[in-house]
Structure formats: C-alpha cells, structure tokens
2 protein chains.
Amino acid sequence: MEQQQKQRTGPADLPWKNKVPRTEANMDQRTYRLYVNKTQSLVCVVGTELRVNLNKCAPIRSKFFSVKCTPAVRCQVVPATVAGGSLFSPQPLTRNSVLFISMDAASELPNESKLSVKFYGSKKEALGNAVLHLTAVEISLDVDADRDGVVEKNNPNKASWKWGPNGHGAIVLVNCDSESYYKKRVDTEKEEISKVSDLKDMSRMILRTKGPAQLPEGYKLSLHITQTDAESVRVFKNRNRGKPQASSTMKNMLLKLFMQDYPLVLNKEQLAAEVPYPGGSSELEFFVEGLRFPDKDFEGLVTISLSLLEPSAQDFPETPIFTDKVVFRVAPWIMTPNILKPVEVFVCSTSDNYEFLKGMRNLVQSSGYKLNICHEYMNRGDRWMQDEIEFGYIDSPHQRFPVVLDSPRDQKLKEFPYEVLLGPDFGYVTRYAQKEEVSSLDSFGNLEVSPPVTVNGKNYPLGRIIIGVAFPTTAHGRNMTKVIQDFLWAQKVQEPIALYSDWLLVGHVDEFMTFVPAPDRKGFRLLLASPDAAYKVFTNLQNNGHGKAKLFQGKEEEISVDEILSNEELQAENVYVQNCIDWNRDVLKKELGLDEDDIIDLPILFKVDTEEENRAVAYYPDMVNMIVLGTKLGIPKPFGPQVNSSCALEAEMRSLLEPLGLNCTFIDDFSSYHKLLGEVHCGSNVLREPFAFKWWNLEL
Amino acid sequence: MEQQQKQRTGPADLPWKNKVPRTEANMDQRTYRLYVNKTQSLVCVVGTELRVNLNKCAPIRSKFFSVKCTPAVRCQVVPATVAGGSLFSPQPLTRNSVLFISMDAASELPNESKLSVKFYGSKKEALGNAVLHLTAVEISLDVDADRDGVVEKNNPNKASWKWGPNGHGAIVLVNCDSESYYKKRVDTEKEEISKVSDLKDMSRMILRTKGPAQLPEGYKLSLHITQTDAESVRVFKNRNRGKPQASSTMKNMLLKLFMQDYPLVLNKEQLAAEVPYPGGSSELEFFVEGLRFPDKDFEGLVTISLSLLEPSAQDFPETPIFTDKVVFRVAPWIMTPNILKPVEVFVCSTSDNYEFLKGMRNLVQSSGYKLNICHEYMNRGDRWMQDEIEFGYIDSPHQRFPVVLDSPRDQKLKEFPYEVLLGPDFGYVTRYAQKEEVSSLDSFGNLEVSPPVTVNGKNYPLGRIIIGVAFPTTAHGRNMTKVIQDFLWAQKVQEPIALYSDWLLVGHVDEFMTFVPAPDRKGFRLLLASPDAAYKVFTNLQNNGHGKAKLFQGKEEEISVDEILSNEELQAENVYVQNCIDWNRDVLKKELGLDEDDIIDLPILFKVDTEEENRAVAYYPDMVNMIVLGTKLGIPKPFGPQVNSSCALEAEMRSLLEPLGLNCTFIDDFSSYHKLLGEVHCGSNVLREPFAFKWWNLEL
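Report on the accompanying structure. (Residues numbered from 1 in each chain as written. Chains lettered and ligands numbered in written order. Predicted model: local features only at pLDDT ≥ 70, side-chain atom pairs only at ≥ 80, totals over all residues. Heavy atoms only, no water.)

This paragraph deals with the overall build of chain A. Each helix and strand counted, chain A has 11 helices and 42 strands in total. Scaling as 2.2 N^0.38, a compact globule of 700 residues should have a C-alpha radius of gyration of about 27 Å, whereas chain A reaches 35 Å, well beyond that. Along the three orthogonal principal directions, the C-alpha set of chain A runs to about 125 × 50 × 45 Å. Across the 700 residues in chain A, those meeting the buried criterion constitute 61%. The contacts in chain A between residues at least 6 apart in sequence include a share of 74% that link residues at least 24 apart. Positive and negative side-chain charges in chain A, numbering 80 and 93 respectively, have mean positions lying 12 Å apart. (Helix = DSSP H or I, 4+ residues; strand = E, 2+ residues; numbered from the N terminus. Rg over C-alpha atoms; globule rule 2.2 N^0.38 Å. Buried < 20%, exposed > 50% of the residue type's maximum accessible area, 1.4 Å probe, protein only. Contact = heavy atoms within 4.5 Å. Lys, Arg positive; Asp, Glu negative; His and termini not counted. Charge placed at Lys NZ, Arg CZ, Asp CG, Glu CD.)

In structure tokens:
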C-alpha cells in the first residue's frame, strides 16, 4: 500500500480533533493541483490534508523540486527525502513524488500562510514556481452524540448511531405537542416557531468555526440534507450570532430572544442553505425538529451535513471541499405498562354512569392520583375511554413528554385526544385508515404492553407491546388495521406480540388478560380470565352446600350456582373459551418468558353470542378488565354468589391477589358498562410516569 | 425456574427432528386440560409437548393420581415421583403436579394411543378418570434453507435468514421473466402458470407429513401468510399427490404434468388455504414465486406458515395447535462490472451510423462475442443503447437468469427492453417516475458498477454501484430520480456510491470514468478522464516541435496543438473540469479503497457550453467512454494531433493501457455519436456473465 511508505516528522497530535489520533485512515484527503507560475488561494480545513502529485504539476523536463512554507503549514513529501535532506534544497522529482499539506490550527488572517514549490531542470536550473496562499479554518457541526444533554465538541462518533449504554448518536423528538391551546395545531404543522418554549422540544445542533474574521473571497458554508431525510426532520437557525456564554442556561438564553430570530433553514422544499461564517471563534446554533415517527418506510435515522464550498471560476458551481455530518435517530413512541406509577386517571361522565364515577372517584382520590373527567359535551355518550386512545411518551436526553396515540376507531370520543389532550408538552400522533378497514380490534383496549421481561436471555427493559388479532389460519376474521400494526412494529423498542382476540365479540385483549405489580419473582403477575377456575369456585360452593347461592342480586334476573353448573351448553362454551385463552397463555409464556407461577387464573365465565358468529362475551362482570393504580386495583364488581352476605367471587379474588400486597376495590359497572359489553378498564385510561430506563440504552 | 425441576427418563433423541437435541427450550409446549369422566381425542405433533396441570383437572378433594398409557406415549410428571415410584400406583397430587405428554413417532392408525389419569381421594378411593386418545403425526414444512438446491428435511434454521457462507435461509426469485414470447407478459402478472418451465423460476417448498391414513375428525392443515408478505410472494400447489421419486430429476418430473395441476393457493386475496393431509408418509409440493424486489418499503424477507388446526365444538373456529414456519429472502438484482466476461453486445442501427457499426462488428466478432443489433423500426432513431437499460441478473441455488432494469428515461428506445429482451429466462424490472422528475441523470450511462473491492477491511465481492448526482450543497441541480435510487440502495449487495456528474451537460458518470481489467494489483484499473493529462500530452508535442499538428483531420474544422495550448478560456474551463473530476477521484479512492496506482489518467479535454448553464462536454471524442470486452477495448477514435501519420492521443492511450495486456481498438463514432454528445459506451450495452460469487455468501 502506497500510504505505508509515508514518513511523518511532525507532532502526532491535533489539539482540535483531540479525540481522534492523527493517522492516515481518519484524515480526509483531497487531491489538489498546483499550477506553475500562478498564485492560488486556498482554504484548508484543520484535520484534512491536501495531496499534490508534484510530477503532474511539474513543467516538462523537471528533474528536481524544492518546497518552502511558512511555519503554520505542515509539509511532507513522499517518497521521503534523503535522510537529513531539507525540502529547501532541490530534491529529485520522481513519478510518484507527492506533497502532503495540512495545517494544525486556524489562521488569524486570510491567506496568512504561504507555500511555494519550485521546479528545476537536470542542471538544477529553475523551470517554474507554484505559490499557494493558505487559510486554515476549524469547522465542526456538533450534536449531543454522547447523550448527556450537552452538545459536545466534535464527537468522533457523531456521524453514526449505535444502540446501548456504550452506544452513541444524537436523538431528536417528533415535535408533536402544541405550544399553545389557542388555534391549536401540532407544532410540526406550523411553519414557524411560535414560542420560545418550542425550542425545548427540538435538538440543539451547533456549528463551531474558528478562523479569520472573513473567509477568502467566494468561500461559503452550506448546511444540507437529502430529500428523503427532509421528510423526517427540518432545521431552524438561531439568527443571533456570537458565542453564547457557556454557563448561561438554555432557558435564560431563550427567554432573551424573539421568535423571528429562528428562521426555518432546511425542510423538504429547501434542501441546502448557505449559513454565515461568523469569523473568529464562533458558534452558530440550530434547532432540529423531528417531523414523523419511525414507520414501515422510515427506519428512524437522518443525517444533516455541513459543507465548506470552494469557489470555481465565475458562473461555475462551487465545490464542497469538506463535509461534516451528524446523525440523529427519531425517538420512538413508548407505551407504559400497569406497573408504572400513575399520574392521572381519565374517565367519561355520561347520563347513566353516576355509580361507576362515584366508585372511580373514591378509588383514584384515595390513591392520591388525579381524576380527569371527560364530560358529555365532549364524549357525546361514548364512554370507552380505553378504546379511543393509548398513552405513551417520547424521550431524549434533553426533553421528554407524554404522547397520545389516537386510534383510527374514531367514534364519538374522537375529538377528545386532539381537542383536550394535545397541548404544551403533551404530544399527539395518529394513523389514518380507510373506514372499511377499521374494526373493533382497532380499539386500544386491544393494545396493551407487558412489564419489563427477559426471554431466553434477551432483555426487554421496556416490556413488549401486546395486540389481539384473528388466527392467521382463517381466511375471514378481524384484525388490527395495518397502519397501526406497522407503526407499532416500527418503534422497535417494545417488540410486539400478536395474541388471538377475535374469538371475543368485542375482540380486545383486555377482556382476558392484564398485569399487576408483585413484590417477588419478575415484579409482576399475568392475570388471565379462566372459566376453569370459575367452575372450580362454583363446584366448591356447591360441594360446600351453597348451590342455591344466587348471582346478579339486585341487578338482573338472579341465577343460582346449581343452575350454572347444570347448564351444559354454558359449560361447552366455556371449554371452548378456556381453549382460546390457553392458546394465548402458551404464546404469552413463550414470548414473555413466563413460568406457570407468574400467572394467576381469575374465575371468570363467558358465554357465546350465537347471533354474533358465536363470539364470546363475559357472563358476569369481567374482573380481569380492571384498572391498576400502584397496588390498588379497581375491579368490576362481579355480583357473584352471595355466601354469608359476601360475594364468593370477590372473596376468591381477594384470596388470589391480596397475598401480593394488592388492594381490591370492586366497582359497580354493571348497568353502565358491563351490559354494554365493557368494564372498568374499557371505561378508563391511565397516564403513567415514563420508564426510568432510557430507550437508547437498549441493546438492539 | 420451574422447568429446571423436571426429571426426564426417556431417550434424549428424536429421530424425526434429529438435528435438534431434545431440550425444554426447543420443544413447543401447549397447555392442555383433561376433563374427568370424558374421553378426549387429540392429535399430537411429534416434537411438541402437552402440559397438563393435574391439580386443575382433578375433581374436588382429590389427593392422589395415577397415570397409565400405551407404549408410544411418553409421560412424565413434575415434581418427579418418589425414586422408584411408578405412575401406575397412586401418587400424591400437589398444587404444581404437571403431566408432560409427548410422542416420538407417527401413529399408524387414528387414536391408536391411549392415556388415562385416575384421581383418588384421601383414602385412595377413586374419584374420576380422564381418558385421552392420541394420534401422533409428523409435520414439516420444508425449504432449501442450506442453499444447496435441494429441499432438505426440517432444517432447524428454516425459520430465520442469515447472510454469509455459514448462514442459512431459503431464497426466492422475482419471477420477472416471461415464459413465452406470445402475448408476452411478465410471469408475475399472469394469474396461472402457463408452462412447466415456469416452475423452475420458483422455489420448491415441500410439506412432509407422516401419520395414519386420515387425521381424526375435524383436524385440518392450513397454509398461510401475512397480508404484508403476500404483496411480495405467492404460492402455487402441485396437485399431484404422493411422494415423488427422490431420484427423478425435477425436469423429468415436471414434463409429465399438466398446467392445471398447479393451482394458485396463496396470494394477497387468499391469505390462508386448507391443504390436504394425504396420509401415510407423504410429500406435498408447493412452488413459491417472488413478486417484487426489495425496495424502500420491503426489506426482502417473507414468512410462510403451515398450521395444524384442531376442531372446536361445532360452529366455533378451529384452533392452530402447531405452526411450522419457513423464511425466504427475495434475491436482489445484481449489476455486472466490466471485468466480467461478455456474452452479447447490443447496439442500435440508425440511418447514419454505418461506420460505427462496422467498427463495432469487427471488434465484437473478432473477440468472439455475439453482436445484437437493434434495428430502426424498434429504436426509432434513439441510438443510446447504454441509457435506456442496465443489464443485471438474479441468482438462487436453483435458478439464475439475466434481468434488465428499464430506465424511467423512456425515450424512443423505450419499447426495446420489454418487447425484445423480456422472454424465457430473461427478466424485466422497471420503476415508474413522474415525467417531470426524470432528467438526463436517469439514463443508465449514469449507472455503473465497480469490480470487487475491499475497503478498510470490508469486502464488496460484487463491487459497488456508482451513480451520478448533483452536489447536495446546491439547491438546484439534477439528480437520479428517487424511485431508482431507492431501488438500487434496497438491493444491499452492491452498496451504491453517489458521484458528482451534474457538472456535465449530459451528466453521466461514464463520461469521465470506467474500469478495465488488469493482471495485477486489485485486478482492475480505474480510468479517469483528465484534462491535466491531456495538456501534458499537448505541451510535450509542442515542446517536441509538433505544435502545428492538427486535430479533427477529415472530420471538422481542424485545429492545431499550438492553438489549443494558447486558448486561455479553454484552459480555464479545463481547470474547472479537472477540479470536478478530482472531487470524484477522492470519493472513489475513499469508497473503493483505491490507491493512486490503481488509477490511470486519460488525456481528455472538455469544453463548457455557456448556453447550457456552463456544463461540460468532451472537446474531442471522449476516450474514457469505451466498451470493455475482456481485454479488448473499443475506444472512441479521438482524431487527435497527427504526428508521423499517427494520432498522438491514440499512441498515448496505447502506452497507458497496453502494458496491462489490454488491446485498444479505436472506433470512429465522430459524426454519429460524438457530435450528438455521446460516444461508444453511450451507444452500446454488454450483457455479461454473472459473478461466480454467490450473493447470499456476503457477510452483511
């Protein structure tokens, strides 16, 4: 390899790029041509190198050459001169004589450094002289590639992205909140920055330059992005020049400034923009804004580049002679499992759910959380708060906020997420589907997330998303719409699991499963509805002489334990239901790495609606469809068999859950939810605190 | 972990899944429930295991249990029985007593194996008895996962895909040829298989089953695919049952059969299909057909699944109790660099290119290759054979054929690739763009590929694709259209490099670069157009007293060496051009890992067209725009300065190239190509042999 022949004599360190040892491999090398008897002016970026083939520049019949330069210029010739030989005296010119030129520090004045190469004939008579006027500049486009919230100087890894605690690479958020409630729009849909606070949702990017007050004539800086990447991010500029005080906090700095000081510089209509060279030692500040989440056609990475342009002759385009790149990953949307601390509970108020609201208010307020009631003018009778929205969040080293995913379900609650939730530091995202594609499986009672798990040594510290679909083996069957599934899979950090929920009339996974916190084992239990467990409770009651005990007391036509046990049709239906749930149990065990002892079977019966393609609904309030607030559970009141003035099903639930330190509150949702085919969980939603674990520390 | 308590006593090998050691981790486990005083019938797939929680099935007050089974059934109980204790005699029933059931070989008759579990009270009095009738079947969906052209049995890696010589995973081709010339369409656009030969372009997939003549009532097999994957592949079935002779060649087998024997079973309208269970030891044959190439929204992998469905009660959907999966990767489209052996040379015949055709015919025929002339009725005067198409190929262990990529350029040659090239074992692919998006940079003179290279230790054994674009730093400027760029990047195996070609009026990379084979170094040289090298030749001529020598003799107004050298405007333009080419030289050196000695500068001058935004065209025939046929080069005849009755530029070319064993033939393309801004390469195309290296052996 040619480069191995090279001899270097100068110092081996570069103060500017001090994290990169100076070797051939990481020096940007540029072919440069000298023209004899001309004076050329050139900007040299510190950290790069010019490569001049002397033989190609030499006048015909040249046999020797000499090189002179001012002190700031580093010159080296390959093949090396004879030991002790100085470049000042004529050296033999060979076919491969190459001069390498570099500069180690920024110049104070344009063209302050000089270099000349003189060529000689066979008798060392002078044949010509090429002169170079050099200006050195330092240029670095900087981001927070080490993820500590501060934009460091020239991180050597800034142009790539790597997952994990030893990884690197900057992060940008989709700016999907709305800085103001007035004339509300998602911030990415506004063409300008409306409030200083909006800058907090963007990622700072700094162009650091050092050099003379002005660049030599015609040199320019250009910030640029590809067409594809401009679909995912755009860039604003801080027009206020000068180096900000390193000690001033971002907040203070921002408050001093006006909006018009932040013009848009790059977006999909403007892929390249000249940026000023401020001169001296300067920092130009930019703000990068994410426009869309990772999805099927967008892996999440974007690159922004800064080039130094060299003028050509008049009317010819400038040439980029140096390019610095930075890479961002758009932060994924992250769901929050039941084990995370609640912040706020959302329910609907309707004309008929007073009892339910009272129960919820007691539970939530006694637990110390905030209860947020969506009133009828907004919900228009749609009480299924679980189904229209899913709460999640986005996170970066510099900013984090909750983001609601709005379901394509779009029933009467459809205005709620945009009109009520979207706001400052509360983001909004949705996906659109054709109306005929949307089914009940697109309601987000059918979208849940597990607590953190480890499966065959693979860690899921943010848990795994769980959705319900039809068996893939059936030609018919309902599914969650493809746009939502694609979105969920593309977030990557909570790899989804597809369960079978199409056997249910409503078709939501929250009708047969949930997770509760536990002090032992994996930190949680999976709760599964179990007709088998229910029959065991009823058979025990019968065997203990309580066969006449009645369900549904005070709610609807009562039925006794004996009657239930003697109903062979119901029993057959529940064998089928148990089979469906067992199928899901096996998938969950495998995909979440669970043991049997991680699962608790709850005594719940189903029945089948023969008019609705034999799909199943809960026979009495579906207790697994609960709300989980820390260790407090709000469970649909089952109205089970009354034994000694207490409900045998409630007693069984307490005996299963209280040993885990869980507190069971039974909430009457019978008329206002259960009879409409939903329960407590379907009728509520919980905004939770984010994970302490940072998604970029995942090892993917 | 619960599973670590388990004790196994049976043999540790499974003849059927003999490549998979039998351990907990790779046994599919299914939750199963026994019902006391009932007889259940069940199919058990060899290699899977049933998990029965005995306590959950036991009648109330059960304290003991015993298990009996016929010899083919493997039963194990956890926690293990007391040492020496037999399952035949009553064992204590605990909360965690679990019975594991599996079978090691296929049954000969339905329900031929039996298992019963008896439960006892505290005094060992019988309380109930659950009986299971078992049928064992072996099921394996098989593909050529080891890439040897043969569909092996149950490859343990068939459900995943890994690059490299130690990788695995099946391959499917996009069936983009056309089996017949009559009523020609790409095969993927036909709804049925029209010829037996079409099956060769598909990947065989075999469903191997072993078991009784019939499955117990209600059990079914279902082949299925996801909606997303069905956009990329479809599946045909061989209706002829029975096990084919292992020794019969595929060709013979196929010729015996009729077309209607291959119905379509899976496509995007039909995501799941029942397939027959033939009984005994059988193989069902399927053919998988690729429908689209990897692209921006398609990574290339598809999964096909086969499930065994268990009947539920009447009118309830069947449950998939076992699923086997296979993964295919759609083969990428691969380009062929100049160093590969030519097969056929394509040129156009026009009313004015007789001289050119004569030159090409001589060159091609003396080299022993086939010359294919596209006549005027088809080319309609469009002579730019290089620009409308790019030849490539697709490859798999079972089949390989050339595929033409049709440019969105779509000038008068646009019918040629589809009408002439598409045919049996000659595929066709294109990408569509809006007419206003298409520019001269979409012509495939602007799409080339390097020979194999190694760059900083990273191997590119299939070379790297090279395209030309505008500088990203300019807001204006022409580019290759996004649909083509996305397609090229998505193929992955020849990672593209973007050069700067927008400085040229025509804007194609083949105007300033090409590759020729070489016996030494990396096996090739990069040839670059070089105004500097041209000026060196002319200056030498002048210094040697040939300043009066004339260019363009007999072609157009002659001009002397002295006149060229004294034209300062031309010199300034060529300094600019040299600068543009040097920029590309630096990119190519870096991205292809080239040294200076891997590059040869060819003496070529350009001039700038001030009426066309100062873009450059060749001053005399652009010799780098050559055709490379093994070691024979067809070079545009430069009509350079005549010195001693020979052309100084031709002499210089010979002196540069002949030492590499290359043979230079200069072809007169002056009037018919050069004056129309193209040359030999622009006016020709070469179909080449594929790489010996198999793309799936790449380490990506």
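Next comes the rest of the description.
Time to look at the pattern of salt bridges. Residue and element names in this part refer to chain A. The full count for this structure, using the stated rule, is 97 salt bridges over all chains. Among the salt bridges present, the one from glutamate 289 reaches arginine 234, with a minimum N-O distance of 2.4 Å. Taken together, the residues glutamate 289 in strand β16 (residues 280-290) and arginine 234 in strand β13 (residues 233-237) connect sequence positions 55 residues apart. (Salt bridge = Lys/Arg side-chain N within 4 Å of Asp/Glu carboxyl O.)

The subject of this paragraph is the packing of helix α8 (residues 531-543) of chain B against helix α10 (residues 568-592) of chain B. Each pair of packed helices gets described by two things: the angle between the helix axes and the distance between those axes. All names here are of chain B. Direction vectors running N to C along α8 and α10 enclose 135°, while the axes themselves pass 8 Å from each other. Classified by the angle their axes make, α8 and α10 are oblique. Side by side, α8 and α10 meet where Pro531, Asp532 and Tyr535 of the first sit next to Leu570, Gln571, Asn574, Val577, Gln578 and Ile581 of the second. Looking at side-chain class alone, the contact of α8 with α10 contains 5 nonpolar, 3 polar and 1 charged residues. (Axes fitted to C-alpha atoms, helices over the stretch in contact; angles between N-to-C directions. Parallel < 35°, antiparallel > 145°, perpendicular 65-115°, else oblique. Nonpolar A, V, L, I, M, F, W, Y, C, P; charged D, E, K, R; others polar.)

All names here are of chain B. Sheet architecture is open: 3 strands sit in the order β37-β38-β41, paired in mixed fashion. Only two strands of the sheet have a single partner each, and these edge strands are β37 (627-629) and β41 (663-667). Strand-to-strand twist of the sheet, defined as the mean angle between neighbouring strand axes without regard to direction, takes the value 20°. Of the pairings in the sheet, the one linking strand β38 (residues 632-636) to β41 comprises 5 bridges and is parallel in character. (Pairing = 2+ DSSP bridges.)

Here the focus is the packing of aromatic side chains. A complete count under the given rule lists 50 aromatic pairs over all chains for this structure. The interplanar angle of 40° and the centroid separation of 5.7 Å between the aromatic rings of Trp503(A) and Phe512(A) together place this pair among those described as tilted. Under the relative-accessibility criterion, Trp503(A) is labelled buried at 1%. Each ring, one from Phe471(B) and one from Trp583(B), has its centre 4.8 Å from the other, and the planes form 75°; the classification is edge-to-face. Of this pair, Phe471(B) sits in the loop between β28 (465-469) and α7 (482-490) while Trp583(B) sits in helix α10; the two residues are 112 residues apart in sequence, bridging distant segments of the chain. On the basis of relative accessibility, which here comes to 3%, the residue Phe471(B) falls in the buried class. Taken together, the aromatic side chains of Phe538(A), Phe552(A), Tyr619(A), Tyr620(A), Phe639(A) and Phe670(A) make up a single cluster linked through ring pairs. Over the aromatic face of Tyr673(A) sits the side chain of Arg383(A), whose NZ or CZ is 5.7 Å from the ring centroid. (Phe/Tyr/Trp six-rings, centres within 6.5 Å; stacked < 30°, edge-to-face > 60°. Lys NZ or Arg CZ within 6 Å of the ring centre and 35° of its normal.)

Once that is clear, we can look at the environment of Leu115(A). Residues and elements named next belong to chain A. Relative to the helices and strands, leucine 115 is located in strand β8 (residues 113-120). With 200 residues separating them in the primary sequence, leucine 115 and aspartate 315 have C-alpha atoms 28 Å apart. Setting aside chain neighbours within four positions, we find leucine 115 in contact with Val67, Lys68, Cys69, Val73, Cys75, Leu99, Ile101, Ala130, Val131, Leu132 and Leu134.

We now examine the relation of the copies chain A and chain B. Between chain A and chain B, which share one sequence, the superposing operator has a rotation angle of 180° and an axial displacement of 0.0 Å; the RMSD is 0.0 Å. On this basis, the relationship between the two copies can be described by a two-fold rotation axis. Scanning chain A for the C-alpha nearest the rotation axis identifies Asp297(A), at a separation of 2.4 Å. Looking at chain A, 100% of its interface residues are interface residues in chain B too, so the copies touch through the same face. (Least-squares fit on C-alpha atoms with pLDDT ≥ 70 in both.)

Bringing the interface of chain A and chain B into the picture now. Where interface size is given, it is often the accessible area lost as the parts come together that is meant. At the junction of the two partners, chain A supplies 65 residues and chain B supplies 65 residues. In total, about 5,700 Å² of surface goes out of reach between chain A and chain B, with carbon and sulfur atoms giving 48% of it. For the interface between chain A and chain B, the tally reads 13 salt bridges. Residues Glu596(B) and Arg51(A) are paired through a salt bridge, measuring 3.7 Å at the closest nitrogen-oxygen approach. Taken together, the links from chain A to chain B amount to 21 residue pairs in polar contact (both at pLDDT 80 or more). Secondary structure elements with two or more residues in the side of chain A that touches chain B: β1 (28-32), α1 (54-57), β12 (220-224), β17 (301-310), β18 (319-330), α8 (531-543) and α10 (568-592) of chain A. (Buried area = accessible area lost by both parts, 1.4 Å probe. Polar contact = N/O pair within 3.5 Å; in protein donor to acceptor, adjacent residues only side chain to side chain.)

Let's shift gears to the environment of Ala470(A). All names here are of chain A. By the element assignment, alanine 470 lies in the loop between β28 (465-469) and α7 (482-490). Exposure remark for alanine 470: the relative accessible area of 6% places this residue in the buried category. In the structure, alanine 470 is positioned 31 residues away from serine 501 in sequence and 6.4 Å away in space, judged by C-alpha atoms. Leaving out residues up to four positions away in the same chain, alanine 470 has contacts with Leu441, Gly477, Arg478, Asn479, Tyr500 and Asp502.

This next bit is on the pairing of strand β31 (residues 524-530) of chain A. Residue and element names in this part refer to chain A. Extensive coverage of β31 is indicated by the burial of 7 of its 7 residues. The alternating pattern of β31 places Phe524, Leu526, Leu528 and Ser530 and Arg525, Leu527 and Ala529 on opposite faces, both of which are buried. One ladder, built from 5 bridges, connects strand β30 (residues 513-517) with β31; its direction is antiparallel. What sits directly across from valine 516, in β31, is arginine 525. Counted between consecutive antiparallel strands, the loop separating β30 from β31 contains 6 residues, among which arginine 521 sits at a positive phi close to 50°.

For the rest of this paragraph, the subject is the pairing of strand β38 (residues 632-636) of chain A. All names here are of chain A. In terms of burial, β38 is a largely internal element, 4 of the 5 residues being buried. The pairing of strand β37 (residues 627-629) with β38 spans 3 bridges and is classified as antiparallel. Residue pairing across strands places leucine 629 opposite lysine 632, the latter belonging to β38. Here β37 hands over to β38 after 2 residues, with glycine 630 in that stretch at a positive phi of 60°.

Right, let's get into the sheet that holds strand β42 (residues 684-688) of chain B. Residue and element names in this part refer to chain B. Across the sheet, which stays open at both edges, the 3 strands sit in the order β21-β20-β42 with mixed pairing between neighbours. Bordering the open sheet on either side are β21 (370-374) and β42, each of which pairs with just one other strand. Strand-to-strand, the axes of this sheet are offset by a mean angle of 25°, without reference to chain direction. Relative to β21, strand β20 (residues 342-348) is paired through 5 bridges, and the arrangement is parallel. Bridged to valine 345 within β21 is leucine 371. The strands that helix α3 (residues 354-367) touches are β20, β21 and β42; relative to β20, the one it contacts most, it runs at about 175°.

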